[in-house]
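If you want the building blocks of each chain, they are given just below.
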Amino acid sequence: MKHTPDNDKLLWMYRMMLLIRRFEERSAQMYGMQKIGGFCHLYIGQEAVGVGTVAAMREDDYLLSAYRDHGHILAKGTDPNPVMAELFGKETGVSKGKGGSMHLFDVEKRFLGGHGIVAGQIPLATGIGFAIKYQELDQVVVVSFGEGAVHQGAFHESLNLAKLWKLPVIYLIENNRYGMGTPLERASAVWDLSQKACSYDMARATVDGMDTLAVYDIMSEAIERARADKEPTLIEARTYRFRGHSMSDPVHSHYRTKEEVEEQKKSDPIVRFQELLLQKKLLTKEKIKEIESEIKKEVMESVEFAEKSPLPALESRFKDVYA
Ligand SMILES: Cc1ncc(C[n+]2csc(CCOP(=O)(O)OP(=O)(O)O)c2C)c(N)n1
């Protein structure tokens, strides 16, 4: 591996993956208690992709994702309190309670959504890449989307222009193998999705999306290419979601077997990363317990904050709404 994080970053990555996991487990519980309503898609199982990616980014780089976005915004540094409040639909939420789970947003942290339309964020990210280049700045944009998005026209139009205009954008396919209940094999003529970059003569890579350090390495390389040479890259991270497509889809549905899910859980990215840090002596069993209890407290505080926050005022219903 060419790029390896220093010890502080390794610990940050571990802590962040655990925060995302515990935050979402708690969100699922709150959904069950009807504190959270509407759509809610969990990132559980995919944490290595978002965290490995953000660890390779600079703070002022931009990130966009689809609706499975809790992990991305937390990794980008947004406080869990307004994120949980947004899931609760409260006024103190990152989108003032009007976006919900799918439409998280934090301009300050340069997380530009949270997008519910499959592939909708891809042309937006391309436009942001254009703006960066036009203003002669040196940030990069990473846009994450599911494998279901690569068959949309918007994906192809974006890749073509990004290569033609040499834009600093990294297109990150988070291939969790299913678009709702449709497996990749039933939706795609090709299995190796990074091949799509060949049509646009674009740099490409495939990475084990359950391996946090491998994601960090590949992403660091792509970011260097984008920052220095203004060259885009298409990355396919092969990952897996342990939960259903959304809170309304049970974990073990007709489209995949219980055995398959259990088999995939053996490569849980957090367990793998924890073992690595134990081997490196960066973690001990006691330290793990300490981190677990700090995170539990942090997540419970976010629930309390969300519970206590007011609902958006009735008079604000047309504010910040564009139609
Ligand atoms: C343009 C559009 N078509 C259909 C939908 C309905 N829809 C919501 S999620 C989804 C599956 C997308 O799968 P994928 O892109 O692989 O992402 P994942 O949920 O696996 O993270 C579909 C078809 C939508 N939101 N937008």
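Further up the page is the structure itself.
What comes next concerns the included structure. (Residues numbered from 1 in each chain as written. Predicted model: local features only at pLDDT ≥ 70, side-chain atom pairs only at ≥ 80, totals over all residues.)

**Regarding the site of the ligand**
Of all residues adjacent to the ligand, which total 15 residues, the nearest are Val 118, Gly 146, Gly 148, Gly 179 and Met 180. For the shell around the ligand, a count of residues per class yields 7 nonpolar, 6 polar and 2 charged. (Near = placed C-beta within 6 Å. Nonpolar A, V, L, I, M, F, W, Y, C, P; charged D, E, K, R; others polar.)

**Brief notes about helix H1 (residues 7-32)**
Over its 26 residues, H1 runs 38 Å from end to end, which matches the ideal 38 Å to within 8%, given 1.5 Å per residue. Taken as a whole, H1 has its buried residues at Leu 10, Met 13, Tyr 14, Met 16, Met 17, Leu 18, Leu 19, Ile 20, Arg 21, Phe 23, Glu 24 and Ser 27. (Helix = DSSP H or I, 4+ residues; strand = E, 2+ residues; numbered from the N terminus. Expected span 1.5 Å × (residues − 1). Buried ≥ 20, exposed ≤ 12 C-beta atoms within 10 Å, placed from the backbone.)

**As for the packing of helix H5 (residues 121-134) against helix H6 (residues 153-164)**
Remark: H5 packs on H6, axes separated minimally by 8 Å, with the N-to-C direction vectors making an angle of 15°. Considering their axes alone, H5 and H6 lie roughly parallel with respect to each other. Every pair of crossing elements has a handedness; the one defined by H5 and H6 is left-handed. Note on element contacts: H6 touches H5 through Ala 154, Phe 155, Glu 157, Ser 158, Leu 161 and Ala 162, opposite Ile 122, Pro 123, Thr 126 and Gly 129. Its residues assigned to classes, the contact of H5 with H6 shows 6 nonpolar, 3 polar and 1 charged. (Axes fitted to C-alpha atoms, helices over the stretch in contact; angles between N-to-C directions. Parallel < 35°, antiparallel > 145°, perpendicular 65-115°, else oblique. Left-handed = near helix turned anticlockwise from the far one by under 90°. Contact = placed C-beta atoms within 7 Å.)

**Some thoughts on the nonpolar core**
Where a protein is soluble and globular, its nonpolar side chains tend to be buried together. Core analysis: the biggest nonpolar cluster contains 80 residues, and Met 17, Val 141, Val 143, Val 169, Ile 170 and Ile 235 have the highest contact counts within it. The element best represented in this core is H1, accounting for 9 residues. Dropping the residues within four chain positions of it, Met 17 is found in contact with Glu 47, Ala 48, Val 51, Pro 269, Ile 270 and Phe 273. (Core = buried A, V, L, I, M, F, W, Y, C linked by C-beta atoms within 7 Å.)

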